[in-house]
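# Reading the structure
Each chain, letter by letter, is given below.
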Amino acid sequence: MGKQWYTISVYSENHVGLLNRISGIFLKRHINIESLNVSKSEIEGVSKFTIVVFTTEDWTRKIVGQIEKQIEVIKAYYHTDDETIYQESALFKIASHLLFDERQIQNIIKESNAQIVTVNREFFALAKTGRRHEIDEMHDALLPYGIMQFVRSGRIAVTKATMPISEILQEFQEN
């Protein structure tokens, strides 16, 4: 089995230390977490971890099994990129004079479907939402002009198929 991208979704109670224990599971197996996002989920009082890894399905299955052994974890799932709808966001800080002096900057913004978030005398900020490769392409296009600051969010994802988490959580809340 070859390596590919997997998105792991972990539904859990919100407890201190869980993130540390989850990251330790990856550390022990020498698997890098490529992206991490934690937010509230569609269920009140339940957090959702979205973790992206590049590894084999066998390793991913084993990791999900270890994650589910954590007492606060309600359920964990893994999916391939084809099974999810996902996005990332990025912010770029660029020197303001480039917006007016370099015509190509305006073309990059337009072609990338980026948004200008703020402009002042020293800099302007761009926001770009999309797939990782789209953000990477915009980054590469802006790099020759000088990027003052750059930050990218972790992946956010929903599955294309219905997930049984709602039924599981309903049972969890009843107990």
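First, a word on scope: everything that follows refers to the structure included in this document.

What counts, and where the lines are drawn
- Residues numbered from 1 in each chain as written.
- Predicted model: local features only at pLDDT ≥ 70, side-chain atom pairs only at ≥ 80, totals over all residues.
- Heavy atoms only, no water.
- Axes fitted to C-alpha atoms, helices over the stretch in contact; angles between N-to-C directions.
- Helix = DSSP H or I, 4+ residues; strand = E, 2+ residues; numbered from the N terminus.
- Parallel < 35°, antiparallel > 145°, perpendicular 65-115°, else oblique.
- Left-handed = near helix turned anticlockwise from the far one by under 90°.
- Contact = heavy atoms within 4.5 Å.
- Nonpolar A, V, L, I, M, F, W, Y, C, P; charged D, E, K, R; others polar.
- Phe/Tyr/Trp six-rings, centres within 6.5 Å; stacked < 30°, edge-to-face > 60°.
- Buried < 20%, exposed > 50% of the residue type's maximum accessible area, 1.4 Å probe, protein only.
- Lys NZ or Arg CZ within 6 Å of the ring centre and 35° of its normal.
- Pairing = 2+ DSSP bridges.
- Arc of directions from axis to C-beta.
- Patch = residues over 30% accessible without salt bridge, like charges linked within 9 Å, V, L, I, M, F, W, Y side chains within 5 Å.
- Areas by Shrake-Rupley, 256 points an atom, 1.4 Å probe, with all protein chains shown as cover.
- Salt bridge = Lys/Arg side-chain N within 4 Å of Asp/Glu carboxyl O.

### Some thoughts on the packing of helix α1 (residues 18-28) against helix α2 (residues 57-68)
Two elements in contact, α1 and α2, have axes whose closest approach is 10 Å; the angle formed by their N-to-C orientations is 150 degrees. For the element pair α1 / α2, the angle class is roughly antiparallel. Crossing of α1 over α2 shows right-handed handedness. Contacts between α1 and α2 involve Ile22, Ile25 and Phe26 from the former and Ile63, Gln66 and Ile67 from the latter. In terms of residue class, the contact of α1 with α2 is made up of five nonpolar, one polar and no charged.

### Concerning the packing of aromatic side chains
Enumeration over the complete set of coordinates arrives at four aromatic pairs. Between Tyr11 and Tyr77 the ring centres are 6.5 Å apart and the planes differ by 85 degrees, which places this aromatic pair in the edge-to-face class. Note that Tyr11 is positioned in strand β1 (residues 4-13) and Tyr77 in strand β4 (residues 73-80), a separation of 66 residues in sequence. Among the residues examined, Tyr11 registers a relative accessible area of 2% and is labelled buried. Using a relative accessible area of 12% as the deciding quantity, one classes Tyr77 as buried. Aromatic side chains Phe92 and Phe150 sit 4.9 Å apart centroid to centroid with 50 degrees between the ring planes, which places their arrangement in the tilted category. Here the residue Phe92 occupies a position in strand β5 (residues 84-95), and Phe150 occupies one in strand β8 (residues 149-152), the gap between them amounting to 58 residues. A relative accessible area of 32% means that Phe150 is categorised as partly exposed. The ring of Tyr86 has Arg131 lying over it, and the distance from NZ or CZ to the ring centre is 4.0 Å.

### Looking at the sheet that holds strand β2 (residues 33-40)
The strand order β2-β3-β1-β4 describes an open sheet built from four strands, whose pairing is antiparallel. Of all the strands in the sheet, the pair left with one neighbour each is β2 and β4. Going across the sheet, the axis of each strand differs from the next one's by a mean of 15 degrees, ignoring polarity. Bridging between β1 and β4 involves seven bridges; their strand directions are antiparallel. Bridged to Val10 within β4 is Ala76. Where α1 meets the sheet, its contacts fall on β1, β2, β3 (46-55) and β4, and the angle it forms with β3 comes to roughly 15 degrees.

### Some thoughts on helix α4 (residues 103-111)
Looking only at α4, the buried set comprises Ile105, Ile108 and Ile109. Seen end-on, α4 carries its buried residues on one side only, within an arc spanning 100 degrees. Counted as exposed and oriented over 90 degrees from the buried face of α4: Arg103, Lys110 and Glu111. Of the surrounding secondary structure, the elements contacted by the buried residues of α4 are α3 (96-101), β6 (115-119), β7 (123-130) and α5 (132-142). Backbone geometry just after α4 places Asn113 at a positive phi near 55 degrees.

### Quick word on a nonpolar patch on the surface
A contiguous nonpolar patch, built from Leu19, Leu36 and Val38 and spanning about 220 Å² of accessible area, is present on the exposed surface. By relative accessible area, which is 40% here, Val38 ends up partly exposed.

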